[in-house]
Amino acid sequence: MIELDQAGRSFKVKRSLKLEGNVFHAVRDLSFTVAPGEFVGYLGPNGAGKSTTIKMLCGILTPTSGRVRVAGLDPSRKRTTLARRIGVVFGQRTTLWWDLPLRDSFELIRHLYKVDRNVFKTRLDELTETLDLGGFTRTPVRQLSLGQRMRGDLAAALLHAPDVLVLDEPTIGLDVVSKSSIRAFLRRLNTEQGTTVLLTTHDLGDIERLCRRVMLIDHGRLAFDGTLDELMATAPEQSTIEDVVTRLYTGSR
Ligand SMILES: Nc1ncnc2c1ncn2[C@@H]1O[C@H](COP(=O)(O)OP(=O)(O)OP(=O)(O)O)[C@@H](O)[C@H]1O
């Protein structure tokens, strides 16, 4: 479903501590595949290259080297076609229209993605129930709490029933109850509907509760790719996931 073959993305910079000529490599030689139906955690310290990778996956950024394919498509060349197959949620930014009620945003998305009216209604009813949106679909997005807005963003990303969902910090800033309901929703989406999920998060509880496989990126390179059990086995017994990840983050500096 997702394939990266020695993918890289560099930026021209004027001044940087990590200057190599005038080019800063945010991601380099990144190779991995994610099979249909997998739920993969994508970890890394601040500035490691996670968002850059995600932007290449959805076609916002074009790789400067290597190859990226999502659902068999080159994201930067086939961005519109890919948009029908992929859903993306950036936890720190909303894709919803700030001044519109949630349901109007959904209607606009239906038009943008050309989703059949009946299919849309069924899907929206399902999402309204599973994400518990019923109480606030008539509320303008700017008046929603963060937890409500995040559930709205998830629904918006899933209205067109994408095969793959890419999440960039979807539980950031949420309380334990909201986090838990979003995690339960994502687990069901993956197990019951087979949606492939790539999840970027700094919340290791998300990783522990949701991901069988974990990839860790550091300084733009893949530093670990394996199961959660294999990740835990890289540290002494009794280590928590925080201990393990801290070791990996600090060990590479
Ligand atoms: N447009 C850009 N121009 C120059 N450098 C950039 C640009 N976008 C990202 N970078 C740099 O690339 C590196 C990776 O950034 P990226 O946003 O992918 O990190 P991240 O792993 O998502 O970090 P965080 O966890 O803090 O969100 C950082 O050093 C960042 O400053």
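Residues numbered from 1 in each chain as written. Predicted model: local features only at pLDDT ≥ 70, side-chain atom pairs only at ≥ 80, totals over all residues. Heavy atoms only, no water.

*Asks:* Help me understand the environment of D175, please; the structure alone is not making it clear to me.
*Replies:* Within the element layout of this structure, D175 appears in the loop between β6 (164–168) and α6 (176–193). Residue D175 is classed as partly exposed on the basis of its relative accessible area, which comes to 45%. Sequence spacing of D175 and M150 is 25 residues, and the spatial spacing of their C-alpha atoms is 12 Å. Within the structure, the side chain of D175 is placed 2.8 Å from the backbone nitrogen of V177, a separation counted as a polar contact. (Helix = DSSP H or I, 4+ residues; strand = E, 2+ residues; numbered from the N terminus. Buried < 20%, exposed > 50% of the residue type's maximum accessible area, 1.4 Å probe, protein only. Polar contact = N/O pair within 3.5 Å; in protein donor to acceptor, adjacent residues only side chain to side chain.)

*Asks:* Mind showing me how you'd approach the sheet that holds strand β1 (residues 2–12) here?
*Replies:* In a beta sheet, neighbouring strands pair by backbone hydrogen bonds and run either parallel or antiparallel. In space, the 3 strands of this open sheet follow the order β2-β1-β4, with antiparallel pairing throughout. Only two strands of the sheet have a single neighbouring strand rather than two, namely β2 (23–34) and β4 (65–70). Each strand of the sheet is rotated relative to its neighbour by a mean of 30°, with strand direction disregarded. As defined by bridge partners, β1 adjoins β4 across 5 bridges and the pair is classed as antiparallel. By the bridge assignment, D5 is partnered in β4 with R67. (Pairing = 2+ DSSP bridges. Axes fitted to C-alpha atoms, helices over the stretch in contact; angles between N-to-C directions.)

*Asks:* Which parts of the structure should I look at to understand the pattern of salt bridges?
*Replies:* Opposite charge on two side chains makes pairing possible when the charged atoms of those side chains draw close. Scanning the entire structure with this criterion turns up 16 salt bridges. Between K121 and D125 there is a salt bridge, with its nearest N and O atoms 2.8 Å apart. Within this pair, K121 and its partner D125 are both found in helix α4 (residues 117–130), separated by 4 residues, close to a single helical turn. Across the pair D206 and R183 runs a salt bridge whose closest N-O atoms are separated by 2.7 Å. (Salt bridge = Lys/Arg side-chain N within 4 Å of Asp/Glu carboxyl O.)

*Asks:* Help me understand a nonpolar patch on the surface in this model?
*Replies:* Taken together, the side chains of W97, L108 and L112 make up a nonpolar region of the molecular surface, amounting to roughly 280 Å² of accessible area. Looking at where W97 falls in the secondary structure, it is placed in the loop between β5 (86–90) and α3 (102–112). Taking the relative accessible area as the measure of exposure, W97 reaches 34% and is therefore partly exposed. (Patch = residues over 30% accessible without salt bridge, like charges linked within 9 Å, V, L, I, M, F, W, Y side chains within 5 Å. Areas by Shrake-Rupley, 256 points an atom, 1.4 Å probe, with all protein chains shown as cover.)

*Asks:* I keep staring at α6 and nothing clicks. Help me out?
*Replies:* For an α-helix, the turn length of 3.6 residues means that residues three or four places apart are oriented alike. Over its 18 residues, α6 extends 25 Å from the first C-alpha to the last, a length consistent with the 26 Å expected when each residue adds 1.5 Å. Where α6 is buried, its residues contact β3 (39–43), α4, α5 (146–158), β6, β7 (196–200) and α7 (204–210). Residue D175 occupies the N-cap position of α6, its side-chain oxygen lying 2.8 Å from the main-chain nitrogen of V177. (Expected span 1.5 Å × (residues − 1). Contact = heavy atoms within 4.5 Å.)

*Asks:* Before we go on, may I ask you to explain unusual backbone geometry in this structure?
*Replies:* For residues besides glycine, phi is generally negative; the peptide bonds are generally trans as well. Although it is not a glycine, A71 adopts a positive phi angle of roughly 50°. Looking at the secondary structure, you find A71 in the loop between β4 and α2 (79–83). Judged by its relative accessible area of 18%, A71 is buried. Backbone geometry places K114, a non-glycine residue, at a positive phi of 50°. The class of K114 is exposed, set by a relative accessible area of 66%.

*Asks:* Help me understand the layout of surface pockets in this model?
*Replies:* Over the atoms rolls a probe the size of a water molecule, and its path tells where empty space is left. Taken as a whole, the largest pocket spans an internal volume of roughly 420 Å³. Along its surface, the largest pocket is lined by 17 residues, and A83, I86, V88, T95 and Y113 are the ones closest to its centre. Listed by contribution, the elements that provide at least two residues to the lining of the largest pocket are α2, β5, α3 and α5. Of all the elements, β5 adds the most residues to the lining of the largest pocket, at 4 residues. When the residues that make up the lining of the largest pocket are grouped by side-chain class, the tally is 12 nonpolar, 4 polar and 1 charged. (1 Å grid on protein atoms, 1.4 Å probe; cavity = no way out; pocket = protein on both sides within 12 Å on 5 of 7 lines; lining within 4 Å. Points joined across faces, edges and corners; volume = space filled by probe spheres on them. Nonpolar A, V, L, I, M, F, W, Y, C, P; charged D, E, K, R; others polar.)

*Asks:* Looking at this structure, I do not really get the pairing of strand β9 (residues 221–227). What am I missing?
*Replies:* Each regular strand carries side chains that alternate between the two faces of the sheet. Here strand β8 (residues 213–218) runs beside β9; their pairing, made up of 6 bridges, is antiparallel. If you follow I217 over to β9, its bridge partner there is L222. Count of turn residues in the β8/β9 antiparallel hairpin: 2 residues, of which H219 carries a positive phi of about 45°.

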